[in-house]
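Letter by letter, the chains look like this.
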Amino acid sequence: MNNAFNHNFFQFIGITLIVIFTNFGAHAQETKKDDILYQGLGKTEGITKIVNDFVPLILADTRINSFFAKMKKDEFSALLVAQFCELAGGPCQYKGKDMYEAHQGMNISNAHFNALAEDLQIAMEMNQIPSSIANKLISKLAPMQRPIVSK
Ligand code: HEM
């Protein structure tokens, strides 16, 4: 009786520990996996360089630059850095407007959206970001197309 109790008890503890450690493992892996994009972009420093190339590309792009006539370059750049850093799994917090609110009433089309995404891709190429990493950031931005595009 006592032996049976001990056996069951230790079996229970054993299984509980396996469950706990398996979860820890999965979680650690998840965190590491998410962080790969942040690392691949060169952390906050690398993301800042990309944004510093991206914004002038937007301003030179006649397909979309009219939207940005009144833009405050430094504030916009800082918001983009925080947003990309957070999306990439980095230790940042984006505190700007949500994407619907930020672009409401601007009449942005899919063509405009694709033009901006193309400029970001060029900025990443300029910073020697491997295409596998670049594509991951672009795919994180893809769900924003719906709240941003209104035309
Ligand atoms: C994935 C695509 C995009 C992302 C991640 C993005 C991100 C942002 C962010 C973070 C802001 C700042 C929000 C705030 O002020 O709190 C912003 C503002 C803005 N976005 Fe976008 N945007 C995208 C697409 C576009 C497109 C396609 C256009 C137009 C062609 C556009 C035009 C603007 C303009 C004009 C502002 C206001 C800038 C200012 O006055 O400071 N955005 N966007």
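Heads up: these notes are all about the structure in this document. (Residues numbered from 1 in each chain as written. Predicted model: local features only at pLDDT ≥ 70, side-chain atom pairs only at ≥ 80, totals over all residues. Heavy atoms only, no water.)

The number of helices and strands found in the protein chain is seven helices and zero strands. Across the protein chain, helices and strands are ordered from the amino to the carboxyl terminus as α-α-α-α-α-α-α. Looking at the protein chain as a whole, 30% of its 151 residues are labelled buried. Partitioning the intrachain contacts of the protein chain with sequence separation of at least 6 by distance along the chain shows that 72% fall at a separation of at least 24. For the protein chain, the computed accessible surface area is about 10100 Å², with 59% contributed by carbon and sulfur atoms. (Helix = DSSP H or I, 4+ residues; strand = E, 2+ residues; numbered from the N terminus. Buried < 20%, exposed > 50% of the residue type's maximum accessible area, 1.4 Å probe, protein only. Contact = heavy atoms within 4.5 Å. Areas by Shrake-Rupley, 256 points an atom, 1.4 Å probe, with all protein chains shown as cover.)

All right, on to the packing of helix α5 (residues 110-126) against helix α6 (residues 131-141) then. Contact pair α5 / α6: the axes reach a minimum separation of 10 Å and the direction vectors enclose 155°. Classified by the angle between their axes, α5 and α6 sit roughly antiparallel to one another. Between α5 and α6 the crossing geometry is right-handed. Every residue of α6 that contacts α5 at F113, A117, L120, Q121 and M124 is listed here: A134, N135, L137, I138 and L141. For the contact of α5 with α6, a count of residues per class yields eight nonpolar, two polar and no charged. (Axes fitted to C-alpha atoms, helices over the stretch in contact; angles between N-to-C directions. Parallel < 35°, antiparallel > 145°, perpendicular 65-115°, else oblique. Left-handed = near helix turned anticlockwise from the far one by under 90°. Nonpolar A, V, L, I, M, F, W, Y, C, P; charged D, E, K, R; others polar.)

What the protein offers the iron atom of the ligand as a donor is a single atom, H103 (NE2), at 2.0 Å. By the element assignment, H103 lies in helix α4 (residues 99-103). (Donors = N, O, S within 2.8 Å, 3.2 Å for Na, K, Ca; no water.)

In the region of the ligand, 23 residues are neighbours, and F67, F68, Q83, K97 and H103 sit closest. At a separation of 2.8 Å, an oxygen atom of the ligand approaches a polar backbone atom of K97. At a separation of 2.9 Å, a nitrogen atom of the ligand approaches a polar side-chain atom of H103. The set of elements that each furnish at least two residues to the shell around the ligand consists of α3 (73-87), α4 and α5. With four residues, α3 is the largest single contributor of residues to the shell around the ligand. (Near = heavy atom within 4 Å. Polar contact = N/O pair within 3.5 Å; in protein donor to acceptor, adjacent residues only side chain to side chain.)

Turning our attention to α6. Listed as buried for α6 are I133, A134, L137, I138 and L141. Looking straight down α6, one finds its buried side chains confined to an arc of 140°; they lie on one side. (Arc of directions from axis to C-beta.)

The subject of this paragraph is the side chain of S109. Structurally, S109 can be placed in the loop between α4 and α5. If we skip the residues at most four places from it in the chain, S109 touches V149 and K151.

Applying the stated criterion across every chain yields a total of four salt bridges. K49 is the partner of E45 in a salt bridge, and the nearest nitrogen-oxygen pair spans 3.8 Å. In this pair, E45 and K49 are both assigned in helix α2 (residues 43-60), four residues apart and thus about one turn of the helix distant. Accessibility expressed as a relative area gives 47% for K49, which makes it partly exposed. Note that R63 is salt-bridged to E118, the shortest N-O span being 3.4 Å. One end of the pair, R63, is in the loop between α2 and α3; the other, E118, is in helix α5, and 55 residues separate them in sequence. Classification of E118 by relative accessible area gives partly exposed; the value is 38%. (Salt bridge = Lys/Arg side-chain N within 4 Å of Asp/Glu carboxyl O.)

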